[in-house]
Amino acid sequence: MIVALAGGVGGARLAVGLAAVLPPSQLSVVVNTGDDFEHLGLHVSPDLDTVMYTLAGVNNPKTGWGRADERWQFMAALKALGGADWFNLGDRDLAVHVLRTQAMRAGLTLSEVTADLAQRFGIRHALLPMTDAPVRTRVRTAQGELAFQDYFVRERCRPRVQGFRFVGSRSATPAPALRKLMRSGKVTGLVICPSNPFVSVAPILAVPAIRAWLRQRDFPVVAVSPIVGGAALKGPAAKMMRELKLDASAAGIARHYGRLVDGWVIDRADAKLQSAIETMGRRVLVTDTIMRDRRKSTTLAREVVGFTRLLAKEFK
Ligand code: FO1
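Since the structure is predicted, the reported quantities are computational estimates derived from the model, not experimental observations.

Calculation notes
Numbering of residues starts from 1 in every chain and runs along the sequence as written. Confidence filtering applies because this is a predicted model: local features only for residues at pLDDT of at least 70, side-chain atom pairs given and counted only at 80 or more, and all residues used for totals across whole chains, interfaces and linings. Side-chain numbers come from the whole structure's heavy atoms, not from hydrogens or water. Segments assigned H or I by DSSP are reported as helices when at least four residues long, segments assigned E as strands when at least two residues long, and all are numbered from the N terminus. When a residue's accessible area, from a 1.4 Å probe over protein chains only, is under 20% of the maximum for its type it is buried; when over 50% it is exposed; and in between it is partly exposed. Positive: Lys, Arg. Negative: Asp, Glu. His and the chain ends are not part of the count. We define a salt bridge as a side-chain nitrogen of Lys or Arg found within 4 Å of a carboxyl oxygen belonging to Asp or Glu. Contacts described as polar in this section are N or O atom pairs within 3.5 Å, which, within protein, must combine one atom able to donate a hydrogen with one able to accept it, while residues neighboring in sequence count only if both atoms come from side chains. By definition in these notes, contact holds between two residues if any of their heavy atoms fall within 4.5 Å. In this description, one arc is meant: the one made by directions from the helix axis to the C-beta atoms. Residues are labelled near a given molecule or strand when at least one of their non-hydrogen atoms is within 4 Å of it. Methods summary: accessible areas were calculated by the Shrake-Rupley approach with a probe of 1.4 Å, and residue burial reflects only the protein chains presented. For this scheme, ten residues count as nonpolar: Ala, Val, Leu, Ile, Met, Phe, Trp, Tyr, Cys and Pro. Four count as charged, namely Asp, Glu, Lys and Arg, and the remainder, Gly too, count as polar.

**Topic: the side chain of D267**
Within the secondary structure, D267 is located in strand β13 (residues 263-267). Of the side chains with opposite charge, R268 lies nearest to the buried D267, which makes no salt bridge, at 6.7 Å. At 3.0 Å, the side chain of D267 and the backbone nitrogen of A269 are in polar contact. From its side chain, D267 meets the backbone nitrogen of T289 in a polar contact 2.7 Å long. Residue contacts for D267: discarding those within four places in its chain leaves V228, V286, T287, D288, T289 and I290.

**A closer look at helix α5 (residues 110-120)**
Among all positions in α5, only L110, S111, V113, T114, L117 and A118 are buried. Buried positions in α5, seen along its axis, are confined to an arc of 165 degrees and lie on one side of it. In α5, the exposed positions that point more than 90 degrees away from the buried face belong to Q119 and R120. Elements that come into contact with the buried residues of α5 comprise β4 (42-44), α2 (46-56), α4 (91-105), β5 (126-129) and α7 (176-184). Looking at the residues trailing α5, positive phi occurs at G122, about 80 degrees.

**Describing the site of the ligand**
The environment of the ligand is formed by G8, D35, P46, D47, W65, F87, N88, D93, F148, Q149, F152 and V153. Here an oxygen atom of the ligand sits 2.7 Å away from a polar atom, N or O, in the side chain of D47. Between Q149 and the ligand, the recorded distance is 2.8 Å, taken from a side-chain N or O atom to an oxygen atom. When isolated, the ligand has an accessible area of 520 Å², and the protein chains bury 89% of it. Of all elements in the fold, only α2 and α6 (148-154) reach the threshold of two or more residues within the shell around the ligand. Taken together, the residues that form the shell around the ligand break down as six nonpolar, three polar and three charged.

This is a description of form; function is not addressed.
Here it is as structure tokens:
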């Protein structure tokens, strides 16, 4: 069983590839919930929805979030009535937020709601929130501390970041299905998808039991670098690294994760960094990591799975 940790767009793309290569009995996708927030009275889970829509093939390929063939009548009416219009909720997308909010108000957990919605979207692989407890990413910036969506959407990632905190993470426990997996001894590898290390992957690793599990793992962790040629393919990862005085490169990312990762998958554009990363004691696979379409996602996923299996053989 391979567990994939996914956040926003980059994570979703590799998750699709992994789902094409591995059957449901061999792949579970664990998603960041630090981006979740209450908006207009609705519980919004952006990364869960991005991964769910992408696995279901109904995601908006242009924005990376929300649904394809979207209409915006709700937003137009909301704006006309003076409602908050900085966070766009499409007419189709809205149905998921309303149903999730209704179910959670009725006492269902985020895991239960996610499983029900994923099943309705025809998704057969396990789609798991990292935890059912509320964890909220807050971004410390030169302009003070911002809630994640205020930083990411309202302020368009412009403020200079100084650090992050994940409110609620200390007391959070893994989602039940993830805890079961962790105890099963069936996990043969963990893949960190090319998501933002600070706001998509870090919140998952901030759940104490997940971090401890990886610390004492008996399986390899393979990560796909979200930085290619010194830039993030989408989102503020490279900008954040520079603002945090980190080397915004695949090598800088490898240094950032340290011993948490056994094998790095880096793009051909960064082949010259292979020896630097190997010198850190990591294995490296150099390949084409740009997932332009589903075919590329599947090809990359196949290579990542192969690399994970290779490292599993060497695992003491
Ligand atoms: N990102 C934006 O930049 N602008 C938006 O208006 C926006 C709306 C939105 C609605 C639903 C949803 O699931 C995601 C949405 N996102 C939007 C993306 C969201 O900010 C995510 O947190 C990012 O994708 C980072 O993971």
